[in-house]
2 protein chains.
Amino acid sequence: MTATIHRMPRTGAPSLQPMMNLVAEDMNAVNSVILARMQSRIPLIPELAGHLIAGGGKRLRPMLTLAAARLLDYGGTRHHKLAAAVEFIHTATLLHDDVVDGSAMRRGKQTANLIWGNNASVLVGDFLFSRAFELMVEDGSLKVLKILSHASAVIAEGEVNQLTAQRRIETDEDQYLDIIGAKTAALFAAASRISAVVAERPDAEELALDAYGRNLGIAFQLVDDAIDYVSDGATMGKDTGDDFRDGKITLPVILAYARGSDADRKFWKDAMSGLHGENADLNHAQALLRQTQAIDDTLARARHYGQRAIDTIAMFANGAAKDALIEAVEFAVARAY
Amino acid sequence: MTATIHRMPRTGAPSLQPMMNLVAEDMNAVNSVILARMQSRIPLIPELAGHLIAGGGKRLRPMLTLAAARLLDYGGTRHHKLAAAVEFIHTATLLHDDVVDGSAMRRGKQTANLIWGNNASVLVGDFLFSRAFELMVEDGSLKVLKILSHASAVIAEGEVNQLTAQRRIETDEDQYLDIIGAKTAALFAAASRISAVVAERPDAEELALDAYGRNLGIAFQLVDDAIDYVSDGATMGKDTGDDFRDGKITLPVILAYARGSDADRKFWKDAMSGLHGENADLNHAQALLRQTQAIDDTLARARHYGQRAIDTIAMFANGAAKDALIEAVEFAVARAY
């Protein structure tokens, strides 16, 4: 006899559903905060923000805050405001990203910059970002403020780094990991970590949750970058080949370039510098990615970080919360199949 | 005999020099913080930020923080970091403003968006904004964080409000005051107020300094908006007629429109909606502004708010700091002459 609780074997593909079920009630509270605090006497603000916020996002980052709080048996409600702040920071970066990338589609809908213009997107992003800090200040934890203000600076640094690397085929896997670690994983890490702060848990647990979020975030972005070459717009909610046309040097390209013939490398170099923007070129790129197994190996890398994420939370008690956090990782890495 | 100290009668035009002298040593410390904290391992960040930050700005907002601290006889150094945070918030909004307005010139130099592109300006602005919050968190005053996060949200709201009002000739003086109160005066108010927080002075003094900054900020923006129609580029450091071409409804336009003939009103309506962008049209606009005394009366409004700013600090002890704060107001309202 042993007290260890084993996870039930799962039938079917991994899903976010267990995590969504776990935090459903808390998420209602978070949604109320989000709705209340995106309001403004300037009507364009809730109109534009609502388009994106109500637009079918998974609320993955605030969900991590809520699920981590469950894992720690936190019984309070402080994390509701903080999870809303996390979602506001994320929404602000999405609004600015879509301006920077000139994106036309997000979550299966037209982007805010396409509907209301770049200017409105920049300014409403600024508003949501400020509002996020107001929410954190209301909570009053300087430690949470430190974690999230630092994450915000790291995200912006990562975005600038990505801009610098754009169209530069010399970008290597280290620089790529550096970029996605900053632009994506930093907020996943902070979102997971802050629950340990409000639950007043020891540093080791805070750091474990930080590492969980960081590794999950890297896995998530790796899969996103693979999907950009294999999915159709309907599955993905945004345009396939966006990264290709924008000359974003993601891991699939880095691997295909490193493994390709001289002719292939010339193709990638030209394509990333903006010489190939046609559908035929995207088809050729996809063929090269298949030949070099670049997509498969990008997904293998994602599984590596996913496994690390799962291992970081081994120290916590087994149960529904831990199972949900593990399955969320499995879902994140399995999305491309 | 009386103990009241009277201000020395001044010879010549009012100037910022007394305030600059008053805070010179503190400003060196602030500049060190600014230089140290705009650094990043991503070279584009200090390069772009430095272009604007080292680009001959008056550092008026951090100067208010420092001068207010002198007024209160504050003996510490906490305000150095906070003044740097104020300047970072201001710089971030300038970077985003110039993107939103498509500006080509600022402080007599090409704008960052023109040199490095809109994308870099948006993202470096985000970085500086996050860095501002990191500085405030390091200081550790939740009250200061509350004041500045709220001011940031109000600024963004004001910018969106201005965007909404753009090209709408129906915008009236109340809405205009609402816009400049948010986009400009909120940060002047917060910059002045936070010194009372770090100096641990009573609420009444905090509110007096807030009102000083707010009224000064409104006066300052009124004069700026007048200058946009009367100055040449060399005096102003940015292009004359920018507001005219952008269809920004500022007080000179509101007054000239209200006081004009039917033909004049048609001209303004067309011009603000973007039908007139030629130099000849700007000349006609300037003639109408003269006929209706719209510039003079905009400056009279500025003097009104300037006087209010001066009266708000009557409660504080006379001396060099108070004199400098008063002369800064007189300088702000006299700039257009």
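Refer to the structure printed above.
These figures come from a predicted structure and were not determined experimentally. (Residues numbered from 1 in each chain as written. Chains lettered and ligands numbered in written order. Predicted model: local features only at pLDDT ≥ 70, side-chain atom pairs only at ≥ 80, totals over all residues. Heavy atoms only, no water.)

Undergrad: I'd like to hear about the overall build of chain A, residue by residue, with values.
TA: The helix and strand inventory of chain A stands at 17 helices and two strands. Computed over the C-alpha atoms, the radius of gyration of chain A is 20 Å, within 12% of the 20 Å expected from 2.2 N^0.38 for a compact globule of 337 residues. C-alpha atoms of chain A, sized along the principal axes, occupy 60 × 60 × 30 Å. Excluding contacts between residues fewer than 6 apart, the proportion of contacts in chain A whose partners are at least 24 apart in sequence is 76%. Roughly 13,100 Å² of accessible area belongs to chain A as shown, and the carbon and sulfur atoms make up 51% of that amount. Computed over 35 positive and 43 negative side-chain charges, the inter-centroid distance for chain A is 2 Å. (Helix = DSSP H or I, 4+ residues; strand = E, 2+ residues; numbered from the N terminus. Rg over C-alpha atoms; globule rule 2.2 N^0.38 Å. Contact = heavy atoms within 4.5 Å. Areas by Shrake-Rupley, 256 points an atom, 1.4 Å probe, with all protein chains shown as cover. Lys, Arg positive; Asp, Glu negative; His and termini not counted. Charge placed at Lys NZ, Arg CZ, Asp CG, Glu CD.)

Undergrad: Pulling in residues and values, what's your account of the environment of Met136 of chain A?
TA: Residues and elements named next belong to chain A. Note on placement: Met136 falls in helix α7 (residues 118-139). Spatially, the C-alpha atom of Met136 lies 8.8 Å from that of Leu148, the residues being twelve residues apart in sequence. Non-local contacts of Met136, meaning those with residues more than four positions away in its chain, are made with Leu82, Ala85, Ile89, Ser141, Leu145 and Leu148.

Undergrad: Lay out the nonpolar core in plain terms, naming residues and giving numbers.
TA: Residues Tyr212 of chain A together with Met19 and Tyr212 of chain B are the most contacted members of the largest nonpolar core, which totals 174 residues. Beyond its immediate chain neighbours, meaning those up to four positions away, Tyr212 of chain A contacts Met19, Leu64, Ser192, Ala309, Thr312, Ile313, Leu325, Ala328 and Val329 of chain A. (Core = buried A, V, L, I, M, F, W, Y, C linked by side-chain atoms within 4.5 Å. Buried < 20%, exposed > 50% of the residue type's maximum accessible area, 1.4 Å probe, protein only.)

Undergrad: Describe the relation of the copies chain A and chain B, and please don't skip the residues or the numbers.
TA: When chain A is brought onto chain B, the operation consists of a screw motion whose angular component is 180° and whose axial shift is 0.0 Å, with 0.0 Å RMSD remaining. Expressed as a symmetry operation, the mapping of one chain copy onto the other fits a two-fold axis. Here 100% of the contact residues of chain A are again contact residues in chain B; the copies associate through an equivalent surface. (Least-squares fit on C-alpha atoms with pLDDT ≥ 70 in both.)

Undergrad: Describe the packing of helix α14 (residues 262-272) of chain B against helix α15 (residues 279-291) of chain B, with residues and values.
TA: All names here are of chain B. Packing of α14 against α15 leaves a shortest axis separation of 11 Å and a crossing angle of 135°. Classed by the angle they form, the pair α14 and α15 counts as oblique. Considering the relative orientation of α14 and α15, their crossing is left-handed. In this structure, α14 uses Asp264, Phe267 and Trp268 to contact α15, whose residues at the interface are Asp281, His284, Ala285, Leu288 and Leu289. Across the contact of α14 with α15, the residue classes tally to five nonpolar, one polar and two charged. (Axes fitted to C-alpha atoms, helices over the stretch in contact; angles between N-to-C directions. Parallel < 35°, antiparallel > 145°, perpendicular 65-115°, else oblique. Left-handed = near helix turned anticlockwise from the far one by under 90°. Nonpolar A, V, L, I, M, F, W, Y, C, P; charged D, E, K, R; others polar.)

Undergrad: Quick one: what's the story with the pattern of salt bridges, residue by residue and with numbers?
TA: Residue and element names in this part refer to chain A. Applying the stated criterion across every chain, the model contains 44 salt bridges over all chains. Among the salt bridges present, the one from Lys269 reaches Glu170, with a minimum N-O distance of 4.0 Å. Remark: Glu170 occurs in the loop between α8 (142-165) and α9 (173-198) and Lys269 occurs in helix α14 (residues 262-272); sequence separation between them is 99 residues. On the basis of relative accessible area, Lys269 is assigned to the partly exposed category, the value being 43%. Exposure remark for Glu170: the relative accessible area of 48% places this residue in the partly exposed category. Put simply, Arg245 and Asp242 hold a salt bridge, and the shortest N to O gap is 3.6 Å. Placement of both Arg245 and Asp242 in helix α12 (residues 242-246) is noted, with a separation of three residues, approximately one turn of the helix. (Salt bridge = Lys/Arg side-chain N within 4 Å of Asp/Glu carboxyl O.)

Undergrad: Now, about helix α5 (residues 78-101) of chain A: what can you tell me, with residues and values included?
TA: Residue and element names in this part refer to chain A. Helix length check: α5, at 24 residues, gives a terminal C-alpha distance of 35 Å against a target of 34 Å (1.5 Å per residue), a fit within 8%. In terms of residue burial, α5 counts as a mostly covered element, since 21 of its 24 residues are buried. Once α5 ends, the next one or two residues include Gly102, with phi positive near 60°. (Expected span 1.5 Å × (residues − 1).)

Undergrad: How would you sum up unusual backbone geometry? Please name residues and give values.
TA: The backbone of Arg167 of chain A shows a phi angle near 70°, a positive value even though the residue is not glycine. Inspection of the secondary structure assignment puts Arg167 of chain A in the loop between α8 and α9. A positive phi is found at Glu200 of chain B, a non-glycine position, where the angle reads about 55°. By the secondary structure assignment, Glu200 of chain B is in the loop between α9 (173-198) and α10 (203-230). Assessed through its relative accessible area of 68%, Glu200 of chain B is described here as exposed.

Undergrad: Give a detailed account of the interface of chain A and chain B, specifying residues and quantitative values.
TA: Listed per partner, the contact involves 36 residues of chain A and 36 residues of chain B. Where chain A packs against chain B, one counts two salt bridges. Residue Asp178 of chain B pairs with Arg41 of chain A through a salt bridge whose shortest N-O separation is 2.8 Å. One can count twelve residue pairs in polar contact (both at pLDDT 80 or more) joining chain A with chain B. Elements with a contribution of two residues or more to the side of chain A that touches chain B: α3 (44-53), α5, α7 and α8 of chain A. Per element, the largest residue contribution to the side of chain A that touches chain B is 14 residues, and it comes from α8 of chain A. (Polar contact = N/O pair within 3.5 Å; in protein donor to acceptor, adjacent residues only side chain to side chain.)

Undergrad: Lay out the packing of aromatic side chains in plain terms, naming residues and giving numbers.
TA: All names here are of chain A. Applying the stated criterion to the full structure yields 14 aromatic pairs over all chains. The interplanar angle of 45° and the centroid separation of 5.3 Å between the aromatic rings of Phe188 and Phe220 together place this pair among those described as tilted. On the criterion of sequence distance, the pair formed by Phe188 in helix α9 and Phe220 in helix α10 (residues 203-230) is long-range, its members being 32 residues apart. When the ring of Phe244 is compared with that of Trp268, the centres are 6.4 Å apart and the planes differ by 80°; the resulting orientation is edge-to-face. Linking Phe244 in helix α12 with Trp268 in helix α14, this pair joins segments that are 24 residues apart in sequence. (Phe/Tyr/Trp six-rings, centres within 6.5 Å; stacked < 30°, edge-to-face > 60°.)

Undergrad: So what's going on with α10 of chain A? Residues and values would help.
TA: With 28 residues, α10 of chain A should reach 40 Å at 1.5 Å per residue; the first-to-last C-alpha distance of 41 Å fits that figure. The buried fraction of α10 of chain A amounts to 23 of the 28 residues, a majority that puts the element mostly inside the structure.

Undergrad: Account for the side chain of Glu157 of chain B, with residues named and values stated.
TA: Within the element layout of this structure, Glu157 of chain B appears in helix α8 (residues 142-165). Buried charged residue Glu157 of chain B carries no salt bridge. Nearest counter-charge: Arg41 of chain A, at 4.5 Å.

Undergrad: Give a detailed account of the environment of Ala309 of chain B, specifying residues and quantitative values.
TA: Residues and elements named next belong to chain B. Mapped onto the fold, Ala309 is located in helix α16 (residues 294-312). Classification of Ala309 by relative accessible area gives buried; the value is 0%. Taking C-alpha positions, Ala309 is 40 Å from Leu44, a pair spaced 265 residues apart along the chain. Those residues in contact with Ala309 that sit more than four places away from it in its chain are Tyr212, Asn215, Leu216 and Val329.

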